[in-house]
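If you want the building blocks of each chain, they are given just below.
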Amino acid sequence: NMGLANKTVEGDGTSTKYLDKYLTIYDQWPGVNKLADVKEEHVEGEWLKMFWLNFAYWMAITPLKKEIGEGYLDFSSKETYYKSAKRVLSIKFPNNDFSSKQQDSTDWHKGTKAYFDTECKRSRIENEVEKETRKSEPLYKDLSSSLTVERAKYLGVDRVDAKSIASSLIQKTKHYDSASRLAEFNLNRAALARGGEHSYARYDEGAFDPFFQAPDFDWSIIKQKERQCMLVFCDLNLYMVCPFFSFAVFFLFGGLRRDTVSDLKKPFIFPHLRSIRSDSVANRMTKTLQNNIEFPDRKPAFTSRSMRKGSMTENRLHRDLSPDEEVARSGHTPGGGGPPKNSNAEGYVASTPGMNAPGGLALAGYTNCHMRPVPFNFDCLGMEAYETVQRLVGALFVNDVPELKKGGKLHAVLNICAARLIGSLVDLVADVGYNHPIVQKIISAAQEAKVVDDRVEAPIGAANLPRHYIVLKDWSKKIKHAFVENNPQHAPASGNTEAKVAGMESLVASILPRLTSLEEAVMARESNNEVLQIQRDEIQRLNAEIEVLRQTNLMQKRMLKAVSSPDHNVSYAQAKSPCPSMPAIMPAISHNTSAAGEGDASATGENSSTTGEYINTPVADTESERCAQPPTKKQKTTTAQKTTATTASAAYSTVVDNAMKSPAPAKIGDHTVQLELERLVENGVISKRQKAYRGNGFVSKSILFDEKNDLFVGLPDQFALISEGARYRRGMTTVAMVITQQQWEELCNLESTELDEDRRKFLVRIQDSTMVRILELEVQAGLKEAGKKSRARPTIHSIAGRLLDVTKKWKEQGMADLDAENKIHLYAIGFRKGQQTLSFARQG
């Protein structure tokens, strides 16, 4: 190994391990299990070539795990170890024909290498596991607003796009490496690059195009071993995927410092990637993507290839790009979409900004891809802010790159990055918060630069904010507004009819997302109004119930007091008075009995009457200050008084009778699943929430048990206590497990008038299914034996207790708390807890 580089020695050692592994598996020579045991006599004649041919075939078709790191060897790695193993054998057996430099031996090795390559490629095609692993889904820019790339929306999988990944990268940006990954991701996507191409980008080989007002990097195409121009533009709509914003963040965290970088690496945009192999850079990009995808089961589907695949698909769909302009951006050979190409002529067509720019503008969100774009800049702030802006740029970025310094050929790029960063400040604070490291670095730089602008007035309520931050926010809005105004997406004034039609289509396409957003905002407001109306109805219902209970309670107190009164009959009549302040009006009680003579005044009293004449009897109500004072003498009532009193008494009696006749709510131990479903249907609870739901299809079943859902059905009176509320939610979770999608849709459409005999049987079937389901869970958990029936009642309270016992049993068996909750949620609504946001604000 004398004279060999360290990496070569390391590769030879790894290749030796693979040779040993092959000898361990296959009995090439009896008793030989590793390369160190192979002697000259073993490989005499053609034996070494035969051994090498078998080893090469085995390595080509076998999925081999990496000796260093995780995963399996790809074709490039296998090829490297193939050459390394060949060198190991040549060094070990230098006198064998295998190591000969003769022409016939050389031809044999070339043939063997071709055979090895063929088998490797065939193995990759036929290996289902590797084929599935290599399958890369396209990574589109923004699925929430795309009008053309719809497939990812209706496939039913969790959506992943460049916007969500870039947003995650921004959230995690705290130091040089995390900021670099954001810049690498956005530059690679904007350049339609292969996984490792961005590592070759250099400042000293770039220039600033005065026509398109964009940097033009001399871009290396790995596969073609060629170079092409590559213009990069400010994104029209999204700051998080804009390469200039990510450059600015990278510069904030030291991306332009070169004090610790060797002279060889200083010209590179990403000097830390200079010493990494291109395939390792691609793997780094793959890890960056997968580490910023929130759905674990979706991570393997996205690799560095995904960005190129998604961006090329979007450019192919762009109505303002020709096929030639599409491939001029991607670096492919023209052909396919237009007239036949002359291959000889194409070899003389050079890469030009005019052909490269349209594809770059399309990727940046422009619908008019043949315009002269205007990048983010500080021009809108006027000359008054010139000196302040220069101080701010100097405070933001520590710059050691000559090309980006004042007077350098790429100095304009530095100002564009700074303007993009400040122009995105308001949106950035809204997304990540005031205390995020990026925001704090911007504010610190503004404070250091003493950013002031007397033209900016402090808004109301901003008295406690730093003055420089108020100025930055005002500048941010002005810069962003100016950028939009400077880049209108409209039809070209000149040109043929086809170009004008394409321009109008582009204009319509640019307006449609805004109309969609406006429509969604209107729908959200309407949905919020529906929710408020539901809450108002609920409040009115509760107020009515409270009033009935208050009146009933007051009447019962009077009746209780009347029982202990000396004059029981009169007091009882007073107790039923509809108003505490109004004297009770009742027929005088006749005492004309055999025990008292007709003329016995002492027995009948002065106010007695045998004719049933109405008299006024005072009411002493200590609970109301409105009580009438007792009269001092007999008061004869008029006919009008009698009628009014009779009507009032009858009206109140009706209210009380109705309250008494209405069925009392079932006790908590008697409240069955059927009764609860009838309550939800008869009161229109589910149907109202379905109308208030602003998403597609039907509202989630989670409204039955998730109190965090804004459309939660609410607790019945029996479960008002906090502890009982938990039981209700647990019981209704079990009910949700058995309700099929078809049954749920029927429940959402049920109105109270439709609850006939058949509908009640429908609710009974759901109740029966719930009992079967909870018994199945008990059997699975080992709480009950299979085949035995349960005598438990189908009440919410009982079912909740049984589900709690099942959960406890799972935890005793070693299941984590979160896993138990996830299992319950999977049974109930088909999602793990936290996987799908159940809040009404995001159900749409």
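Above this text sits the structure in question.
Residues numbered from 1 in each chain as written. Predicted model: local features only at pLDDT ≥ 70, side-chain atom pairs only at ≥ 80, totals over all residues. Heavy atoms only, no water.

J.: Mind showing me how you'd approach the environment of Ile470 here?
T.: By the element assignment, Ile470 lies in helix α19 (residues 467–486). Along the primary structure Ile470 and Val451 are separated by 19 residues, whereas in three dimensions their C-alpha atoms are 9.8 Å apart. (Helix = DSSP H or I, 4+ residues; strand = E, 2+ residues; numbered from the N terminus.)

J.: Mind showing me how you'd approach the packing of aromatic side chains here?
T.: Using the criterion set out here, one finds 24 aromatic pairs in the structure. Arranged with centres 6.3 Å apart and planes meeting at 70°, the rings of Phe98 and Trp108 form a pair that is edge-to-face. On the criterion of sequence distance, the pair formed by Phe98 in the loop between α3 (75–92) and α4 (103–126) and Trp108 in helix α4 is long-range, its members being 10 residues apart. With a relative accessible area of 1%, Phe98 lands in the buried category. Relative accessible area serves as the criterion here: at 25%, Trp108 is assigned to the partly exposed category. Consider the rings of Tyr176 and Phe250, whose centres lie 5.3 Å apart with planes at 50°: the pair is tilted. (Phe/Tyr/Trp six-rings, centres within 6.5 Å; stacked < 30°, edge-to-face > 60°. Buried < 20%, exposed > 50% of the residue type's maximum accessible area, 1.4 Å probe, protein only.)

J.: Please clarify how α19 should be interpreted in this entry.
T.: Every α-helical turn comprises 3.6 residues, leaving residues that sit three or four positions apart pointing alike. The terminal C-alpha atoms of α19 lie 29 Å apart, and with 20 residues this matches the ideal 28 Å at 1.5 Å per residue to within 8%. Taken together, the buried positions of α19 are occupied by His468, Tyr469, Ile470, Val471, Leu472, Trp475, Ser476, Ile479, Ala482 and Phe483. Where α19 is buried, its residues touch α15 (386–396), α16 (411–423), α17 (425–432) and α18 (437–448). (Expected span 1.5 Å × (residues − 1). Contact = heavy atoms within 4.5 Å.)

J.: For this particular structure, what's the right way to read helix α2 (residues 47–61)?
T.: The terminal C-alpha atoms of α2, which comprises 15 residues, lie 22 Å apart, in line with the 21 Å expected from a rise of 1.5 Å per residue. Restricting attention to buried positions, one finds in α2 the residues Leu48, Lys49, Phe51, Trp52, Phe55, Ala56, Trp58, Met59 and Ala60.

J.: Would you explain the state of the cysteines in this entry?
T.: The bond known as a disulfide is covalent and runs between the sulfur atoms of two cysteines. Evaluated as defined, the whole model comprises 0 disulfides. For Cys234, which is in no disulfide, the shortest distance to another cysteine sulfur is to Cys242 and amounts to 4.7 Å. (Disulfide = S-S within 2.5 Å.)

J.: Hey, could you run me through unusual backbone geometry in this one?
T.: Even without being glycine, Gln213 reaches a positive phi, approximately 50°. One can find Gln213 in the loop between β1 (207–209) and β2 (214–221). With phi around 55°, Lys450 is a residue other than glycine that occupies positive phi space. When you line up the elements, Lys450 lands in the loop between α18 and α19.

J.: Looking at this model, I keep getting lost on the packing of helix α9 (residues 243–252) against α16. Mind explaining?
T.: Between α9 and α16, whose axes approach to 8 Å, the crossing angle comes to 95°. Judged on the interaxial angle alone, α16 and α9 are roughly perpendicular. Where α9 approaches α16, its residues Phe244, Phe245, Phe247, Ala248, Val249, Phe251 and Leu252 are matched on the opposing element by Val413, Leu414, Ile416, Cys417, Arg420 and Leu421. Here the residues of the contact of α9 with α16 sort into 12 nonpolar, no polar and 1 charged. (Axes fitted to C-alpha atoms, helices over the stretch in contact; angles between N-to-C directions. Parallel < 35°, antiparallel > 145°, perpendicular 65-115°, else oblique. Nonpolar A, V, L, I, M, F, W, Y, C, P; charged D, E, K, R; others polar.)

J.: I keep staring at the packing of helix α25 (residues 685–692) against helix α27 (residues 741–749) and nothing clicks. Help me out?
T.: In contact at an axis separation of 7 Å, α25 and α27 are set at 95° when each is read in the N-to-C sense. Viewed along their axes, α25 and α27 adopt a mutual orientation that is roughly perpendicular. Here Ile686, Ser687 and Gln690 of α25 come into contact with α27, specifically with Trp744, Leu747 and Cys748. Taken together, the residues that form the contact of α25 with α27 break down as 4 nonpolar, 2 polar and no charged.

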